[in-house]
Amino acid sequence: MEERLQKILAKAGIASRRQAEQLIRAGRIQINDQVVVEMGCRADPGRDRITCDGKPIVFEEKIYVLLNKPAGYVTTLADPQGRPMVSDLLTGITERLFPVGRLDLDTEGALLMTNDGNLANRILHPRFEVNKTYEALVSGFPAKEKLALLAQGIMVDGIKTQPARVRVLQRHAGASLIEITIHEGKKRQVRKMFQAIGHRVLHLKRTAYGRLSLGSLALGKFRVLSADELKKIFSTKSPLQSKT
Ligand code: URA
């Protein structure tokens, strides 16, 4: 489908629309080996060979999806054991999306999937301290002092965890539902943190990335995120403090 060149360049993620106009004016864009200088020029990314500084532009649209991952699905893109993969759940999405970070096979909940490597790097980089919130059903009734230890930081695999926000949501017969927010993402971190205070995680679900929460999204379903929703991921810079 033909579109204005500025729009195509912006969609490809190489420039904003304004920057795209600058690239065109500078004679850096070619369509089918012809330098383009006209601003109103249209092209078809599926048919025309479009280059910037001689390098072909890849035209995959960036797409961001929030999936409510069920237990039993792996977050890798290939599994030698042939187990179900989270990508199997993205019916109707033709782009190749990859998960941002990981969730254990037996963990449920919010999993962001995208083809935007830059965004994935930002989310996973410790500098951005994106908060991740989990609901953990744990064995027994952890004492206040033990939960305070989790909140302050506790030794896991020889390293002290960063401060966490911890809140008791419910007490059941022999188990407690606890909300915990962390901004690290070490392997099996939440399970290991509870293990360190002597309580086993019986069920684990991630409910939110930053202020982006699962809401009413059903298990196994996904929704495509808007730009405003994406911003919510980075909007929690407040230090993590506990409310036990
Ligand atoms: N912490 C865990 O223990 N498991 C997960 O899947 C995510 C965080």
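Small disclaimer: the values here were computed from a predicted structure and weren't measured. (Residues numbered from 1 in each chain as written. Predicted model: local features only at pLDDT ≥ 70, side-chain atom pairs only at ≥ 80, totals over all residues. Heavy atoms only, no water.)

(A) Representation of the nonpolar core within the structure. In terms of nonpolar packing, the biggest core is built from 31 residues, with Leu150, Val166, Ile180, Val190, Met193 and Phe194 touching the most fellow members. Elements represented by at least two residues in this core include exactly strand E7 (64–69), strand E9 (107–114), strand E10 (132–139), helix H4 (144–152), strand E14 (175–182), helix H5 (189–196) and strand E15 (201–209). (Core = buried A, V, L, I, M, F, W, Y, C linked by side-chain atoms within 4.5 Å. Buried < 20%, exposed > 50% of the residue type's maximum accessible area, 1.4 Å probe, protein only. Helix = DSSP H or I, 4+ residues; strand = E, 2+ residues; numbered from the N terminus.)

(B) Just the sheet that holds strand E5 (residues 50–52), in detail. With antiparallel pairing, four strands are arranged side by side in an open sheet as E3-E2-E5-E6. Of all the strands in the sheet, just strand E3 (34–35) and strand E6 (55–56) have a single pairing partner and so form its edges. Note that E5 and E6 share two bridges and pair antiparallel. The partner of Cys52 across the bridge, within E6, is Lys55. (Pairing = 2+ DSSP bridges.)

(C) Representation of H5. What H5 keeps buried is the set Gln189, Val190, Arg191, Met193 and Phe194. Residues of H5 that are buried in the fold lie against E9, E10, H4, strand E11 (155–156), E14 and E15. Remark: Gly198 follows H5 within two positions and exhibits a positive phi of approximately 85 degrees. (Contact = heavy atoms within 4.5 Å.)

(D) How the structure looks around the site of the ligand. Around the ligand, the structure places Leu103, Asp104, Thr107, Tyr134, Arg188, Gln189, Val190, Arg191 and Leu204. Within the contact set of the ligand, a nitrogen atom lies 3.1 Å away from a backbone nitrogen or oxygen of Val190. Arg191 places a main-chain nitrogen or oxygen 3.0 Å from an oxygen atom of the ligand. Compared with its free state, where it exposes 240 Å², the ligand has 96% of that area covered by protein. A total of three residues in the shell around the ligand trace back to one element, the largest contributor, which is H5. Of the residues belonging to the shell around the ligand, the class tally is four nonpolar, two polar and three charged. (Near = heavy atom within 4 Å. Polar contact = N/O pair within 3.5 Å; in protein donor to acceptor, adjacent residues only side chain to side chain. Areas by Shrake-Rupley, 256 points an atom, 1.4 Å probe, with all protein chains shown as cover. Nonpolar A, V, L, I, M, F, W, Y, C, P; charged D, E, K, R; others polar.)

(E) Layout of the pairing of E7. Counting buried residues in E7 gives six out of six residues, a clear majority hidden from the surface. Residues Tyr64, Leu66 and Asn68 point to one face of E7 and Val65, Leu67 and Lys69 to the other, with burial holding for every one of them. Across six bridges, the pairing between E7 and E9 is antiparallel. Across the sheet, Leu67 pairs through a bridge with Leu111, a residue of E9. Pairing geometry for E7 and strand E17 (residues 222–224), over three bridges, is antiparallel. Bridge pairing in E17 links Val65 to Val224.

(F) Representation of the state of the cysteines in the model. Across all of its chains, the model carries zero disulfides by this definition. Between Cys41, a cysteine without a disulfide, and Cys52, which holds the nearest cysteine sulfur, the sulfur-to-sulfur distance is 15 Å. (Disulfide = S-S within 2.5 Å.)

(G) Focus on unusual backbone geometry. Look at Asp33: it is not a glycine, yet its phi comes out positive at around 70 degrees. With respect to the helices, strands and loops of the structure, Asp33 is situated in the loop between strand E2 (29–31) and E3. On the accessibility criterion, Asp33 (56% relative accessible area) is exposed. The phi dihedral of Asp53 falls on the positive side, at around 55 degrees, and the residue is not glycine.

(H) Structural context of the side chain of Asp44. Assignment of secondary structure puts Asp44 in the loop between strand E4 (42–43) and E5. Salt bridges are absent for the buried Asp44, whose nearest opposite-charge side chain, Arg47, sits at 4.6 Å. With residues up to four places along the chain from it excluded, the contact list for Asp44 reads Met1 and Glu2. (Lys, Arg positive; Asp, Glu negative; His and termini not counted. Salt bridge = Lys/Arg side-chain N within 4 Å of Asp/Glu carboxyl O.)

(I) Representation of helix H2 (residues 17–25) in the model. Listing the buried residues of H2 in full gives Ala20, Leu23 and Ile24. For H2, the angular spread of buried residues about the axis comes to 100 degrees, placing them on one side. Exposed residues lying more than 90 degrees from the buried face of H2 are Arg18 and Arg25. Each element contacted by the buried residues of H2 is listed here: helix H1 (5–11), E2 and E5. Positive backbone phi, at 75 degrees, marks Gly27, one or two positions downstream of H2. (Arc of directions from axis to C-beta.)

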